[in-house]
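# Fold and geometry: a report
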Amino acid sequence: MPVDRMRICGPEETRHPLVLELCGRPVRLFQDDGTRLDGRSADQIRPMFMKCGVISHAQGSAYIEMDRTKAICAVYGPREFGKREDFSIKGRLTCEFKFATFSCKIRRQQQQDAEEKEFSQILLQSLSPAVCLHKFPKAQVDIYVMVLENDGSALSAALTCGSLALADAGIEMYDMVVACSVKHYCKSTLMDPSASEESELEPEGTSTEEKPAETGLLTVAYMPSLNQLPGMLQTGEMSIATTKQVNSKRAVDCCVLRVLLKRNLLQFIAVSS
Amino acid sequence: MAAQFKRIQLDAYYSKYLQRGRRPDGRALDAFRKTILNVGSIRTADGSALVRLGNTTVVCGVKAELAAPRPDAPTKGYVVPNVELPAMCGPDFRPGPPAELAQVTSQLMLDVVRHSGCVSEERLCVADGELVWVLYCDVVCLAYDGNLADACVVALLAALTNTRLPAVTLDDETKRERVDADVRVPLDVLSYPVATSFAVVDERVLLADPNAEEESLATAVVTVVTLESGQLCIVHKPGGSPIALEEMERCIELSLARAKQIRQLEKETRLSLER
């Protein structure tokens with residue numbers, strides 16, 4: 001890795017002490033009594049905490065905790081374009097997503113890597129349809145999301161947090177955006193997976209003689225009042241039938257739950273301000 | 001009316017307050033903002049701390065990794081502090097390479113770690129010449145409202161005190177490390193330095209714990225780092241307008257008093273966690 005002259009550098013090659021263990025140990029999805037590792041049922045989402053107005057200098061900001069997954073978002077704008085030569089009759093939205101270096105089990109780099117760039121794009125594409133871009137011509141709104149701890153469903157947390165921060169900033173929107181993740185493995189569908197459930201490892205007891213197990217992760221962004229999906233990301237192997245019927249509906253149901261929480265929060269803000 | 005006056009002539013606005021010995025946010029000239037400390041909330045990190053100093057919020061996460069030591073220092077591990085000012089922390093910060101303030105503060109963190117002896121690099125050695133710990137201490141500023149240095153040092157020390165390393169031994173025959181993840185050894189923090197910053201405004205008036213506005217008006221900034229023994233570790237005054245020796249002595253006195261408060265806060269936070 002080239003030496004980064006702007007930061008204090010450690011030795012060139014370092015490794016996580018548990019790197020072999022983390023990548024090798026298979027994960028059990030269900031305990032003996034049928035509940036997941038953290039005691040939830042397959043359909044249950046984790047308890048959530050949301051707060052707006054956490055960053056004083058930002059126009060809008062929000063903080064979300066989904067059990068251990070923590071994300072914080074700041075929204076600046078509308079402000080003038082970064083590059084003055086660009087001209088646009090519609091407003092512009094930029095999005096930056098970053099995992100904090102200490103947020104994942106294996107330490108991440110300080111510069112944005114490919115996965116973070118991909119997530120930034122997804123955030124941008126999922127939040128743009130909800131924002132009334134024509135209301136701030138020639139201006140840009142910047143959304144910065146950072147995940148402080150990743151215990152699964154980081155992208156959903158980021159999407160929900162981003163939309164909440166936009167609302168806190170007073171940016172005009174068509175609708176809120178809520179997001180949820182679903183993990184599918186063989187016949188089990190798990191809502192709001194934690195990091196160990198999201199990982200690529202095969203759960204114990206898999207028979208390799210049968211056809212390979214269907215395993216995939218689906219993240220859905222949803223606009224509840226308009227009943228539209230601005231974003232959907234699916235990774236892994238899932239048959240079309242499975243994806244269509246089971247997962248989308250479940251993800252949407254879960255999103256509705258989240259919306260209730262969000263609406264309560266915003267009402268609270270309106271009353272207190 | 002006052003808001004417009006403040007916007008157009010910030011220095012005159014401040015002078016009117018400073019003449020009466022107060023600041024616009026109501027503090028006395030030598031008063032510090034409310035400090036909140038929270039440790040150990042980020043479980044993916046080996047040690048973590050969150051500090052709120054007024055509106056300035058920083059999070060420090062310590063990640064420990066293993067590496068081969070430098071050939072010229074075979075018994076020493078590494079401590080690698082870094083301060084990040086992402087674009088979210090304030091309207092003046094943009095995405096991209098680290099800003100000057102971030103680089104300067106990172107270097108200050110490194111100096112604090114090295115010269116205070118808070119973490120002994122020899123104790124980070126697992127096997128002489130073969131395997132050492134590398135502690136990556138990343139401090140991320142979530143909200144910037146002045147006085148980054150103080151908040152970062154408090155966060156760094158609190159995170160280091162909170163750090164628990166897995167027990168690692170090196171097998172002499174196979175030369176592979178054996179890691180016992182269930183046994184966690186607390187890191188030995190040998191001393192507890194605390195930083196206190198002051199801004200010089202109007203070339204005479206000393207303000208403790210400046211916020212972002214006061215920093216923008218400042219003609220000089222002084223940071224004093226002290227240890228529990230009452231000794232001075234670092235005095236950082238990178239140029240700016242000169243200050244009298246008596247003023248400097250006053251800074252040091254205030255720093256020592258402040259340092260006691262911070263250590264007390266850290267102790268209370270740690271004890272409440274253990275309960």
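This text goes with the structure placed above it.
Residues numbered from 1 in each chain as written. Chains lettered and ligands numbered in written order. Predicted model: local features only at pLDDT ≥ 70, side-chain atom pairs only at ≥ 80, totals over all residues. Heavy atoms only, no water.

Now for the side chain of T105 of chain B. By secondary structure assignment, the location of T105 of chain B is in helix α3 (residues 100–116). Aside from chain neighbours lying at most four places away, what touches T105 of chain B is V83, L148, A149 and C152 of chain B. (Helix = DSSP H or I, 4+ residues; strand = E, 2+ residues; numbered from the N terminus. Contact = heavy atoms within 4.5 Å.)

Residues and elements named next belong to chain B. Close contact between helix α4 (residues 148–162) and helix α6 (residues 245–274) brings their axes to 11 Å; oriented N to C, the two are set at 35 degrees. Crossing of α4 against α6: the hand is right-handed. Of the residues in α6, those in contact with V154, A158, T161 and N162 of α4 are I262, E266, R270 and L273. Residues that form the contact of α4 with α6 fall into these classes: 4 nonpolar, 2 polar and 2 charged. (Axes fitted to C-alpha atoms, helices over the stretch in contact; angles between N-to-C directions. Left-handed = near helix turned anticlockwise from the far one by under 90°. Nonpolar A, V, L, I, M, F, W, Y, C, P; charged D, E, K, R; others polar.)

Looking at the secondary structure, you find K63 of chain B in strand β3 (residues 56–67). Comment: no salt bridge for buried K63 of chain B; closest opposite-charge side chain is D46 of chain B, at 5.2 Å. (Buried < 20%, exposed > 50% of the residue type's maximum accessible area, 1.4 Å probe, protein only. Lys, Arg positive; Asp, Glu negative; His and termini not counted. Salt bridge = Lys/Arg side-chain N within 4 Å of Asp/Glu carboxyl O.)

Contacts between the two partners involve 39 residues from chain A, matched on the other side by 50 residues from chain B. Where chain A meets chain B, there are 1 salt bridge. Between D138 of chain B and R107 of chain A there is a salt bridge whose closest N-O contact spans 3.0 Å. Our enumeration of links across chain A and chain B arrives at 17 residue pairs in polar contact (both at pLDDT 80 or more). Elements represented by at least two residues in the side of chain A that touches chain B include exactly α1 (19–24), β3 (69–80) and β5 (139–149) of chain A. (Polar contact = N/O pair within 3.5 Å; in protein donor to acceptor, adjacent residues only side chain to side chain.)

So, about the sheet that holds strand β2 (residues 60–66) of chain A. Residues and elements named next belong to chain A. Here 5 strands make up an open sheet; going across it, the order is β1-β2-β3-β5-β4 and the pairing mixed. Two strands close off the open sheet at either side, each with one partner strand: β1 (48–52) and β4 (92–99). Geometrically, the sheet is characterised by an average inter-axis angle of 15 degrees between neighbouring strands, direction not taken into account. Across 9 bridges, the pairing between β3 and β5 is antiparallel. Residue pairing in the sheet places K70 in a bridge with E149 of β5. (Pairing = 2+ DSSP bridges.)

Moving on, we come to the pattern of salt bridges. Here the structure, examined in full by the defined rule, presents 27 salt bridges over all chains. The salt bridge partner of R33 of chain B is D145 of chain B, with a shortest N-O separation of 3.6 Å. Here R33 of chain B is found in the loop between α2 (10–18) and β1 (35–39), whereas its partner D145 of chain B is found in the loop between β6 (131–143) and α4, with 112 residues between them in sequence. Among the residues examined, R33 of chain B registers a relative accessible area of 8% and is labelled buried. You can call D145 of chain B buried: its relative accessible area is 10%. Across the pair R123 of chain B and D188 of chain B runs a salt bridge, and its minimum N-O distance is 2.4 Å. With R123 of chain B in the loop between α3 and β5 (125–127) and D188 of chain B in the loop between β8 (177–186) and β9 (194–201), this pair connects stretches of sequence that are 65 residues apart. When salt bridges that share partners are traced, they join R36, D38, R40, R46, D151, D192 and E197 of chain A into one network.

So, on to the nonpolar core. All names here are of chain B. Among the nonpolar cores identified, the biggest contains 56 residues, and V58, L135 and L160 are the most heavily contacted of them. In terms of residue count, α4 provides more of this core than any other element does, 12 residues in total. In contact with L135, not counting residues within four places along its chain, are V62, K63, A64, Y78, V79, V80, V119, L124, L160, L165 and L187. (Core = buried A, V, L, I, M, F, W, Y, C linked by side-chain atoms within 4.5 Å.)

On to the packing of aromatic side chains. Counted under the stated rule, the structure contains 9 aromatic pairs over all chains. For the ring pair F49 of chain A and Y63 of chain A, a centre distance of 6.4 Å and an interplane angle of 65 degrees mean the geometry is edge-to-face. You can see F49 of chain A sitting in strand β1 and its partner Y63 of chain A sitting in strand β2, a full 14 residues away along the chain. In this structure F49 of chain A comes out as partly exposed when scored by relative accessible area, which is 40%. Summarising the aromatic geometry, the rings of F93 of chain B and Y144 of chain B are spaced 5.5 Å apart at their centres and angled 85 degrees between planes, so their arrangement reads as edge-to-face. You can see F93 of chain B sitting in the loop between β4 (78–84) and α3 and its partner Y144 of chain B sitting in the loop between β6 and α4, a full 51 residues away along the chain. Here F93 of chain B matches Y144 of chain B in class, with each residue buried. Among the aromatic side chains, those forming a connected cluster through ring pairs are F5, Y13, Y14 and Y17 of chain B. For the cation-ring pair, R107 of chain A lies above Y136 of chain B, with the distance from its terminal atom to the ring centre recorded as 3.9 Å. (Phe/Tyr/Trp six-rings, centres within 6.5 Å; stacked < 30°, edge-to-face > 60°. Lys NZ or Arg CZ within 6 Å of the ring centre and 35° of its normal.)

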